[in-house]
Amino acid sequence: QVQLVESGGGLVQAGGSLRLSCAASGSIGSINVMGWYRQAPGKQRELVARITDGGYTNYADSVKGRFTISRDNAKNTVYLQMNSLKPEDTAVYYCSANVRQVGSVWPQDYWGQGTQVTVSL
């Protein structure tokens, strides 16, 4: 089995910064794409940013220039540096990873439990 554990959420004032981390553990053969999604109250979950094992990244238009995704392949960890935060960034942030388990041929998606990010005025 594979587990994703997020950390780094919290309460911050508008214009501030937070850094989220997500560590994958368990029976990991390889990790392809890792990403961050978010879900605000009453809204659908949306992609924030994702990164391939080769370092290719893409971002939601709403966070381009403010958020940076990165990963440490040796630690099976993905990060999300969030700067210039806005109240509309308030949401539960979820980590996702496409993981091929040891002994498996096909990868599958795993999700973390979510971490709350609240941006106040």
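Here the structure is shown first, and the text comes after it.
Residues numbered from 1 in each chain as written. Predicted model: local features only at pLDDT ≥ 70, side-chain atom pairs only at ≥ 80, totals over all residues. Heavy atoms only, no water.

### Overview of the sheet that holds strand β1 (residues 2–7)
Reasoning step 1: The strand order across the open sheet formed by four strands is β1-β3-β8-β7, and the pairing between neighbours is antiparallel. The outermost strands of the open sheet, each flanked by one partner alone, are β1 and β7 (67–72). For this sheet, the mean inter-axis angle between neighbouring strands, taken without regard to orientation, is 15°.
Reasoning step 2: In the sheet, β1 pairs with strand β3 (residues 18–26) via six bridges, with the strands oriented antiparallel. Residue pairing in the sheet places S7 in a bridge with S21 of β3. (Pairing = 2+ DSSP bridges. Helix = DSSP H or I, 4+ residues; strand = E, 2+ residues; numbered from the N terminus. Axes fitted to C-alpha atoms, helices over the stretch in contact; angles between N-to-C directions.)

### Things to note about the state of the cysteines
Reasoning step 1: Counted under the stated rule, the structure contains one disulfide.
Reasoning step 2: One disulfide bridge connects C22 with C95, the sulfur atoms lying 2.1 Å from each other. Judged by the torsion about the S-S bond (-80°), the C22/C95 disulfide is left-handed. On the criterion of sequence distance, the pair formed by C22 in strand β3 and C95 in strand β9 (residues 91–101) is long-range, its members being 73 residues apart. (Disulfide = S-S within 2.5 Å.)

### What to know about the nonpolar core
Reasoning step 1: Counting residues in each nonpolar core, the largest one holds 31 residues, and the members touching the most others are W36, V48, F67, V78, L80, M82 and Y93.
Reasoning step 2: Looking at this core, the elements with two or more residues in it are β1, β3, β4 (28–39), β5 (46–51), β7, β8 (77–82), β9 and β11 (115–120).
Reasoning step 3: Ranked by residue count, the leading element in this core is β9, at five residues. (Core = buried A, V, L, I, M, F, W, Y, C linked by side-chain atoms within 4.5 Å. Buried < 20%, exposed > 50% of the residue type's maximum accessible area, 1.4 Å probe, protein only.)

### Remarks on the packing of aromatic side chains
Reasoning step 1: Applying the stated criterion across every chain yields a total of one aromatic pair.
Reasoning step 2: Against the face of W111 rests R45, its NZ or CZ located 4.8 Å from the ring centre. (Phe/Tyr/Trp six-rings, centres within 6.5 Å; stacked < 30°, edge-to-face > 60°. Lys NZ or Arg CZ within 6 Å of the ring centre and 35° of its normal.)

### Some words on the pairing of β8
The two faces of the sheet receive side chains in turn, since in a regular strand these alternate between them.
Reasoning step 1: Burial runs high along β8: five of the six residues are buried.
Reasoning step 2: Note: β3 against β8, six bridges, orientation antiparallel. Bridge pairing in β8 links L20 to L80.
Reasoning step 3: Here six bridges tie β7 to β8, and the two strands are oriented antiparallel to one another. Bridge pairing in β8 links T68 to Q81.
Reasoning step 4: Linking β7 back to β8 in an antiparallel pair, the connection comprises four residues, with N76 at a positive phi of about 50°.

### Remarks on the pattern of salt bridges
Reasoning step 1: With the rule as written, the count across this model stands at four salt bridges.
Reasoning step 2: The partner of E46 in a salt bridge is R38, and the shortest N-O contact between them spans 2.7 Å.
Reasoning step 3: As a salt-bridge pair, R66 and D89 come within 2.8 Å of each other at their nearest N and O atoms. Of this pair, R66 sits in the loop between β6 (57–59) and β7 while D89 sits in the loop between β8 and β9; the two residues are 23 residues apart in sequence, bridging distant segments of the chain.
Reasoning step 4: Looking at R66, the relative accessible area reads 11%, which means it is buried.
Reasoning step 5: By relative accessible area, which is 1% here, D89 ends up buried.
Reasoning step 6: Bridged by salt links that share partners, the residues R38, E46, R66 and D89 form one connected network. (Salt bridge = Lys/Arg side-chain N within 4 Å of Asp/Glu carboxyl O.)

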